[in-house]
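# Secondary and tertiary structure notes
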Amino acid sequence: MAEQTGIEWCHHTFNPWMGCTKVSAGCKHCYAERENLRYGKHRWGPGAERQVTSDTYWKQPLKWDRKAAADGVRRRVFCGSWCDVFEDRPDLVAPRARLFELIEQTPHLDWLLLTKRPENVVGMVPAEWQGKFPANVWVGTSVEDQETANKRIPALLQIPARIRFLSCEPLLDKVLLDNGETSWLTCDGENRSGIAGEHVCCEAFAVTGHHFHGIDWVIAGGESGPDARPMHPDHAYSLLDQCQAAGIPFFFKQWGEWTPRRELPEGTQVTASVVIADEADVFAPGYELLRAGKRAAGRLLRQRTWDEVPA
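Positions within a chain are numbered from 1, following the residues in the order the chain's sequence is written. pLDDT decides what is reported in this predicted model: residues at 70 or higher carry local features, side-chain atom pairs at 80 or more are listed and counted, and totals for whole chains, interfaces and linings draw on all residues regardless. Excluded from the side-chain calculation are hydrogens and water; included are all heavy atoms of the structure.

## Considering the overall build of the protein
What counts here: Each helix is a run of H or I in the DSSP string that is no shorter than four residues. Each strand is a run of E no shorter than two, and both are numbered from the N terminus. For the radius of gyration, the atoms used are the C-alpha atoms, and the globule rule reads 2.2 Å times the number of residues raised to 0.38. Buried, partly exposed and exposed residues are distinguished by accessible area as a fraction of the type maximum, computed with a 1.4 Å probe on protein chains only: under 20%, between the cut-offs, and over 50%, respectively. Surface exposure here means Shrake-Rupley accessible area, sampled with a 1.4 Å probe, where a residue is shielded only by the protein chains that are shown. In this tally, Asp and Glu contribute negative charge and Lys and Arg positive charge; neither His nor the terminal groups of the chain are included. Positions of charges follow a simple convention, taking NZ of Lys, CZ of Arg, CG of Asp or CD of Glu.
Tallying secondary structure elements over the protein gives nine helices and 12 strands in all. Its C-alpha radius of gyration of 20 Å places the protein within 12% of the 19 Å reference for a compact globule of 311 residues. For the protein, the spread of C-alpha atoms along the principal axes amounts to about 55 × 50 × 40 Å. Classification of the 311 residues of the protein by burial places 53% in the buried group. Summed over its atoms, the accessible surface of the protein is roughly 14300 Å², and 52% of this surface lies on carbon and sulfur atoms. Within the protein, the 42 negative side-chain charges are centred at a point lying 7 Å from the centre of the 36 positive side-chain charges.

Structure, rendered in structure tokens:
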């Protein structure tokens, strides 16, 4: 939880508290829980206490905001990497309100609120955020397979945030964001503003202040850690292709522990291998996945990095 972060798609991380409860398959090998236990802390599960971080720690975003203002460069803050801001617990009401005040006090930072509980968001934000979130608030949800996509994305699309994004990490199965009939990547043209006669979509945002549209950003990546599950390459390639077709920024964070031989630099030391079928071509020999560790596996997808971020 230092000032700088190793998470490639943000500049800083901030955790108003530590601890969470697992809700889906993507949580199985939670790195935050693993690190917490390594330090002898037991903050996970519905019966465990959540630890609010120190007052000194809470002052850091104010410093980041002053520096961003002086530099004239916005900074992205991932909140929270060791918690879920929208976990529904009575003991989190006060620190969550304090967090929203901090967000409003730091207008030169873009706050990336990532949750596995998007259905809770609208009911937990301040009353003055209803209908239009502050411009420096991005809201995202974690999606690891089609089941979680079908459940969480519709809830995310009801949130009037300027930027709405997906974190498909760990990507455990294929996720279709555009099946040819329904797309979560583009404006659907529906009037969901609640204002009679008003057509609200991307073009109307500047006038109405509402932003009912599709997903603005997709982050994808495989799982890391000792028990990491391999990510099928076709699932990552599919997400990339869908985003490119829709003109949506795509960020490939990592392969994780496992990577296909075709994406791994020559001479990389590996500890295990497995062959899986090529879903795109059943007559192809398949993919040989090599276990090389997160750092060696790297971030190349189709032999290049993908670091696209919304403007």
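## Some points on the pattern of salt bridges
Any two side chains of opposite charge can pair, on the condition that their charged atoms come close. Operational definition: In what follows, salt bridge is the name for a side-chain nitrogen of Lys or Arg lying within 4 Å of a carboxyl oxygen of Asp or Glu.
Using the criterion set out here, one finds 18 salt bridges in the structure. Note that Glu-49 is salt-bridged to Arg-43, the shortest N-O span being 3.8 Å. What makes Glu-49 exposed here is its relative accessible area of 54%. For Arg-152, the salt bridge goes to Glu-144, with nearest N and O atoms at 3.4 Å.

## Remarks on the nonpolar core
Put simply, the rule is: Nonpolar cores are built from buried Ala, Val, Leu, Ile, Met, Phe, Trp, Tyr and Cys residues. Side-chain atoms within 4.5 Å join them into one set. A contact between two residues is defined here by any heavy atoms of the two lying within 4.5 Å.
The biggest cluster of nonpolar side chains holds 56 residues, and the ones touching the most others in it are Phe-14, Trp-111, Val-218 and Phe-250. Ranked by residues supplied to this core, first place goes to helix α8 (residues 233-246) with five residues. Discounting chain neighbours no more than four positions away, the residues touching Phe-14 are Tyr-57, Trp-58, Pro-61, Trp-64, Val-77, Phe-78, Cys-79, Gly-80, Ser-81, Leu-99, Leu-102 and Trp-111. Core analysis: the second largest hydrophobic core is formed by 12 residues, Cys-10, Trp-138, Phe-165 and Phe-251 among them.

## Overview of the confidence of the model for the protein
Condition: Every residue carries a pLDDT, the predictor's confidence in it, which falls somewhere between 0 and 100.
With 90% of its residues at a pLDDT of at least 70, the protein reaches an overall mean of 89. Here residues 189-211 scores under 50 on pLDDT; set against residues more than four positions off or in separate chains, the count is 32 contacts.

## Some details on helix α1 (residues 31-38)
Defined as follows: Arc definition: it is the arc formed by the directions from the helix axis to the C-beta atoms.
Regarding α1, the residues found buried are Ala-32, Glu-33 and Asn-36. Buried residues along α1 cover an arc of 100° about the axis, so they all sit on one side. Buried residues belonging to α1 abut β2 (17-18). Two residues or fewer past α1, Gly-40 is found with a positive phi of approximately 75°.

## Digging into the side chain of Glu-87
Note the threshold: Any pair of N or O atoms that falls within 3.5 Å is considered a polar contact. Within protein, one atom must be able to donate a hydrogen and the other to accept it, and sequence-neighbouring residues count only if both atoms are side-chain atoms.
Position of Glu-87 relative to the elements: it lies in the loop between β4 (75-79) and α4 (93-105). Glu-87 gets classed as buried once you look at its relative accessible area, which sits at 4%. At 3.2 Å, the side chain of Glu-87 forms a polar contact with the side chain of Thr-21. Aside from chain neighbours lying at most four places away, what touches Glu-87 is Gly-19, Cys-20, Thr-21, Arg-50, Leu-92, Arg-96, Arg-117 and Met-124.

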